[in-house]
Amino acid sequence: QVQLVESGGGLVQAGDSLKLSCAASALTFSMYRMGWFRQAPGKEREFVAGISQSGASTHYTDSVKARFTISRDNAKNTVYLQMNNLKPEDTAVYYCAADPRRLGVALQAHEYRYWGRGTQVTVSS
């Protein structure tokens, strides 16, 4: 059974950095496009960043461009989200997602088959 486990969340101050990790198991990781989503209280889950199977293609939502970087290590079955210059509006539960059905980067939640349980990121002002 495919399992995605996020880690690295926490409580930080505005301007700080965090690096989230998502460890995947029971899948051929290099065949899966990966993504990060987030959900703040009272809001819908939103796309943050996505990466293709090889890592050659990435995509970010506008609000995190130039601050967040998604990357992957196919040898370690892990995808990362480096978050710099964090802002209070980045506060949310961050979810990792995986999908094998198409090549490239997926931007919509419905395009992902598997999801982790999330890790909380809280940014204080």
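In this text, all values refer to a predicted model and were calculated from it rather than measured experimentally. (Residues numbered from 1 in each chain as written. Predicted model: local features only at pLDDT ≥ 70, side-chain atom pairs only at ≥ 80, totals over all residues. Heavy atoms only, no water.)

1. Some remarks on the state of the cysteines
Which entries qualify depends on this criterion: Note on disulfides: each one is a pair of cysteine sulfur atoms within 2.5 Å. Helix numbering and strand numbering both begin at the N terminus, where a helix is a DSSP run of H or I of at least 4 residues and a strand a DSSP run of E of at least 2. Each residue is assigned to one of three classes by its accessible area relative to the maximum for its type, calculated with a 1.4 Å probe on protein chains only: buried under 20%, partly exposed between the two thresholds, exposed over 50%.
All chains considered together, the criterion is met by one disulfide. Paired by a disulfide, Cys 22 and Cys 96 hold their sulfur atoms 2.1 Å apart. Between Cys 22 and Cys 96, the S-S torsion sits near -75°, and that sign places the bridge as left-handed. Separated by 74 residues along the polypeptide, Cys 22 in strand S3 (residues 18-25) and Cys 96 in strand S9 (residues 92-99) bring together distant segments of the chain. Taken as a pair, Cys 22 and Cys 96 share a single burial class, namely buried.

2. Quick notes on the nonpolar core
To keep things clear, this is the line we draw: What we call a nonpolar core is a set of buried Ala, Val, Leu, Ile, Met, Phe, Trp, Tyr and Cys residues that are connected through their side-chain atoms within 4.5 Å. Whether two residues are in contact is decided by their heavy atoms: any pair within 4.5 Å suffices.
Core analysis: the largest hydrophobic core is formed by 30 residues, its most contacted members being Met 34, Trp 36, Val 79, Leu 81, Met 83 and Tyr 94. For this core, the elements supplying multiple residues, two or more each, are S3, strand S4 (33-39), strand S5 (46-51), strand S7 (68-73), strand S8 (78-83), S9 and strand S11 (119-124). Here Tyr 94 is in contact with Glu 6, Leu 20, Trp 36, Phe 37, Arg 38, Val 48, Phe 68, Leu 81, Met 83, Gly 118, Thr 119 and Val 121, once residues within four sequence places are set aside. By size, the runner-up hydrophobic cluster in this structure holds five residues, among which are Phe 47, Ala 97, Ala 106 and Tyr 112.

3. Details of the environment of Leu 81
Following the sequence through the fold, Leu 81 ends up in strand S8. Along the primary structure Leu 81 and Cys 22 are separated by 59 residues, whereas in three dimensions their C-alpha atoms are 8.6 Å apart. Excluding anything up to four places from it in sequence, Leu 81 contacts Leu 18, Lys 19, Leu 20, Trp 36, Val 48, Ala 49, Phe 68, Thr 69, Ile 70 and Tyr 94.

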